[in-house]
Structures are given as C-alpha cells and as structure tokens.
Amino acid sequence: MLQRVEATRRALDERGLEGLILIKMENIRYLTGFSGDGGYAVIDRSRTVLVTDGRYREQARGETAEWDITIYERDPLKTLAAYLTGGRPWGLEDTATLAFEKRLSDAIGEAGVVATGSMVEELRAIKGPGEIEAIQAAAACALQAWKSFLPMVQPGVTERQLAAGLDYRMVTAGADRPAFDTIVASGPNASMPHAGITDRELREGDQVIVDFGASKNGYNSDITRTIAVGEPRGRAAEIAGAVRGAWEAAFSRIEPGVPVARLDEAARKHLEAAGLSEHFVHSLGHGIGLEVHEKPSLSRFSVETLEPGMVFTVEPGVYLEEETGARHEEMVLLTEEGPVVLSR
Ligand code: ZN
Ligand code: ZN
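Residues numbered from 1 in each chain as written. Chains lettered and ligands numbered in written order. Predicted model: local features only at pLDDT ≥ 70, side-chain atom pairs only at ≥ 80, totals over all residues. Heavy atoms only, no water.

## Concerning the layout of surface pockets
- Volume-wise, the largest pocket comes out at about 350 Å³.
- Every residue lining the largest pocket is counted, 18 residues in all, and those nearest its centre are Arg 29, Ser 35, Asp 37, Arg 177 and Gly 218.
- Looking at the lining of the largest pocket, the elements with two or more residues in it are helix 2 (25-32) and strand 7 (177-178).
- Take the lining of the largest pocket: its biggest share by element is 3 residues, from helix 2.
- Looking at the lining of the largest pocket, its residues break down into 6 nonpolar, 6 polar and 6 charged.
- Approximately 220 Å³ is the volume attributed to the second largest pocket.
- The wall of the second largest pocket is formed by 16 residues, among which His 194, Asp 211, His 286, His 293 and Glu 315 lie closest to the centre.
- Residue composition of the lining of the second largest pocket, by class: 4 nonpolar, 6 polar and 6 charged. (1 Å grid on protein atoms, 1.4 Å probe; cavity = no way out; pocket = protein on both sides within 12 Å on 5 of 7 lines; lining within 4 Å. Points joined across faces, edges and corners; volume = space filled by probe spheres on them. Helix = DSSP H or I, 4+ residues; strand = E, 2+ residues; numbered from the N terminus. Nonpolar A, V, L, I, M, F, W, Y, C, P; charged D, E, K, R; others polar.)

## Focus on the coordination of the zinc ion (ligand 2)
- Coordination of the zinc ion (ligand 2) by the protein comes from Asp 222 (OD), His 286 (NE2), Glu 315 (OE) and Glu 329 (OE), over a distance range of 2.1 to 2.2 Å.
- Relative to the metal, the 4 donor atoms surrounding the zinc ion (ligand 2) lie at angles of 79 to 157°, and the coordination shape comes out irregular.
- In terms of primary sequence, the donors binding the zinc ion (ligand 2) are separated according to D-x63-H-x28-E-x13-E.
- A spacing of 3.1 Å is found between the zinc ion (ligand 2) and the zinc ion (ligand 1), which share Asp 222 as a donor. With Asp 222 in the loop between strand 11 (219-220) and strand 12 (223-228) and Glu 315 in the loop between strand 15 (311-314) and strand 16 (317-320), this residue pair connects regions lying 93 residues apart in the sequence. Neither residue differs from the other here; Asp 222 and Glu 315 are each classed as buried. (Donors = N, O, S within 2.8 Å, 3.2 Å for Na, K, Ca; no water. Tetrahedral: all angles 85-135°; square planar, octahedral: opposite > 155°, others 65-115°. Buried < 20%, exposed > 50% of the residue type's maximum accessible area, 1.4 Å probe, protein only.)

## Considering the coordination of the zinc ion (ligand 1)
- Protein coordination of the zinc ion (ligand 1) is provided by Asp 211 (OD), Asp 211 (OD), Asp 222 (OD) and Glu 329 (OE), with donor distances spanning 2.0 to 2.5 Å.
- Its 4 donor atoms give the zinc ion (ligand 1) angles of 56 to 147° at the centre, a pattern that matches the irregular case.
- All donors of the zinc ion (ligand 1) come from a single chain, and their spacing in sequence reads D-x10-D-x106-E.

## Focus: helix 10 (residues 260-273)
- Under the 1.5 Å per step criterion, the end-to-end length of helix 10 is 21 Å for 14 residues, consistent within 8% with the ideal 20 Å.
- One or two residues past the end of helix 10 sits Gly 275, with phi positive at roughly 70°. (Expected span 1.5 Å × (residues − 1).)

## Describing the sheet that holds strand 8 (residues 183-186)
- Ordered by their spatial adjacency, 3 strands build an open sheet running 8-9-12, and the pairing between neighbours is antiparallel. Across the chains shown, the open sheet's two edge strands, defined by having one partner strand only, are strand 8 and strand 12. The mean inter-strand angle of the sheet, taken between neighbouring strand axes irrespective of direction, is 15°.
- In this fold helix 7 (residues 129-149) packs onto strand 9 (207-212) and strand 12, with an angle of close to 15° to the strand it touches most, strand 12. (Pairing = 2+ DSSP bridges. Axes fitted to C-alpha atoms, helices over the stretch in contact; angles between N-to-C directions. Contact = heavy atoms within 4.5 Å.)

## Some thoughts on the sheet that holds strand 4 (residues 68-72)
- Strand order in the open sheet made by the 6 strands is 4-3-2-1-5-6, with mixed pairing throughout. At either end of the open sheet lies a strand with only one pairing partner, and these are strand 4 and strand 6 (113-115). Strand-to-strand, the axes of this sheet are offset by a mean angle of 25°, without reference to chain direction.
- Together, strand 1 (19-22), strand 2 (40-44) and strand 3 (48-53) form the strand contacts of helix 1 (residues 2-14), whose direction differs from that of strand 2 by roughly 65°.

## A word on unusual backbone geometry
- The linkage connecting Lys 295 with the following residue, Pro 296, adopts the cis geometry, with an omega of 0°.
- For Pro 296, the position within the fold is in strand 14 (residues 294-298).
- The phi dihedral of Asn 217 falls on the positive side, at around 50°, and the residue is not glycine.
- With respect to the helices and strands, the residue Asn 217 is situated in the loop between strand 10 (214-216) and strand 11.
- In the Ramachandran plot, Glu 322 falls in the positive-phi region, its phi being about 60° despite a non-glycine side chain.
- With respect to the helices and strands, Glu 322 occurs in the loop between strand 16 and strand 17 (324-327).

## Some details on the pairing of strand 19 (residues 338-341)
- With 4 bridges joining them, strand 18 (residues 330-335) and strand 19 adopt antiparallel strand pairing. Bridging across to strand 19, Leu 333 finds its partner in Val 340.
- Hairpin connection, strand 18 to strand 19: the antiparallel pair is bridged by 2 residues.

Put into structure tokens, the structure is as follows:
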C-alpha cells in the first residue's frame, strides 16, 4: 500500500496539488486496503487519513494498518474539512456530486478544489503480483462454475434459469458474488450486446451468448462464451467463426508498447473482410480489476499504450438485428514476455 501512496503523492506533486480527497470506494480500497462500503480518504504530503463511520470502526482498524482512521459522527464533511489545509488547491475525484463539491470548496476557501480526472484509476491500470493473483482467483471461480453449468444448456430451459444456475455455481465455487448481472441471450435475443434476461425457453438450433464473471476479495472476472444448442440455425455458425477470427487477430497484436487502438482496429479489419464490421457495435475490451470496467479502454479512440501488468478483456462481437449474435471474451494479462490468457 505504501508504494501506491507514494505513487499518488508523485502524481499530486506533478499537478501542483496540496492533496487528494478520495470518495470512490474502489480507489480508497486500492490505497488503504479498507473494503467497507462507506468512507472517504485524505492524502497529502505528510498525512493519510481514512474517514468512515462507526459501523466500520473494527473493520477499518483491521484492514488499514498504515492509515490513520477517524470516525465521523454525523457530517463527514465537517470531519474532512479539518484536514484540508495548505495553500495549494486540493484534488477531488470526478464522481463527487455538485453539492459535495460546493460544500467542500466552501470549506477549503481560497486555495480551491479541482477535479483530478482518473488519477488513481491510471495507477490502477498496472497490476501488482497480489492483484494478478486475486484476478486469477476470480477467474477460477467463473471457469469452475462454467464446467458444471454446461450440461444445463438444453432445449426448454429458460434464460433466467440458466443465469441463476450459473450465478449459484460461481458462489459455490468460492465467489463472493457475481461480478455483474449475468447475461444469457438466446436465439434472436443474442442480437443485443447487453440483452436483459428473459423467460424465453431455449430451442434446438439457438445460439446463446453467456457473459458472466465472479467477484472475489474485491477483484473481478469477466468472460463471454457463445454456444449453440444442437446445430446452429442460419448464419449463426458463420458469425461465431468470424468473431473467433477477430479475437485471434486482436490477440496476435498484443505486446508491450503497442497503442491499444491498434487491437480494436485489427479485430475490425478482420470482420470487415467478412462484411461484418458494421455489426461490431462496441469497443474491443476494457481493463478489469477492482472494477469490472476500468482502464485501459480498448477502443479505437483510445490513446493509451499497452504496458506489462495490464489486465484487460478482448471481446469482439457481431450482432445481426432480430436474428442472432456472437461474442467471445477472454481476460488477458500482459507480461514483459507477452500476453497470457487468464480465462482458460
Ligand atoms: Zn463480459
Ligand atoms: Zn467485458
């Protein structure tokens, strides 16, 4: 944790800021170790203070050895304000509400408060060894669940039953909870990239997109498989094949120093050759860790560069309206030597 605090202090110095007020729980967890659901943190050149309420007194003491802990009674802002000294502006995370920002800037006075964008999120994009292990553990829960789930995929079973079955299996495999609402999109529903679960019963010949992940000790996994019930109908098999090809095309370009936009372009180019690129309606992938979607964003508009220690998904998809769809999503760790797939 101390290394992370030092990296944050360097980032604050570069921006000429007095300190940072943290309100996003994933960032607070990253810097302090505290895994509770409510709290704030203040970090400046000499102090690191976690401000939370009485419910978390014991938990905070156990989890945040290197931080001072202050318990607030009624108004966290009054407690926070006591730490917001010094002549330079204070940084505040973007997720603050307008009302919170207003009260805070009143409390700070002349030095003022500025939005810090994704300062801590940028640090979080490069994972340490402990984080990689935690992500692997979250992936292992999902993969173990998937194995025993597959025999459930039969004609007559509903999407809702399948999603519940997979969620149950992830938790019995050791997950704290599903990382997000599991997607089971069957037959024509597979044409919607983020379809909601329905009571539709699976039919022979359906293509089914299953997008699922487990959350364990704060870290997440995220995997998508497209499977067919019996012999796939119409263009389903062709599309699934093209998506796999696009995945391989993107994966083969992964190495340190490559602009992430190149990966998205590679997948798109592959689909273009099959006349399908206009049906690839989302970006190629996203970083994953304490949040399911975090930095880097693997979009063609992205300006980031691949670096060792990044963990991200690669998930091209093709969606034919009212007909069918396919998506293939794997989690990839980039090491100095190259990419490693964590979700197999
Ligand atoms: Zn997913
Ligand atoms: Zn994803």
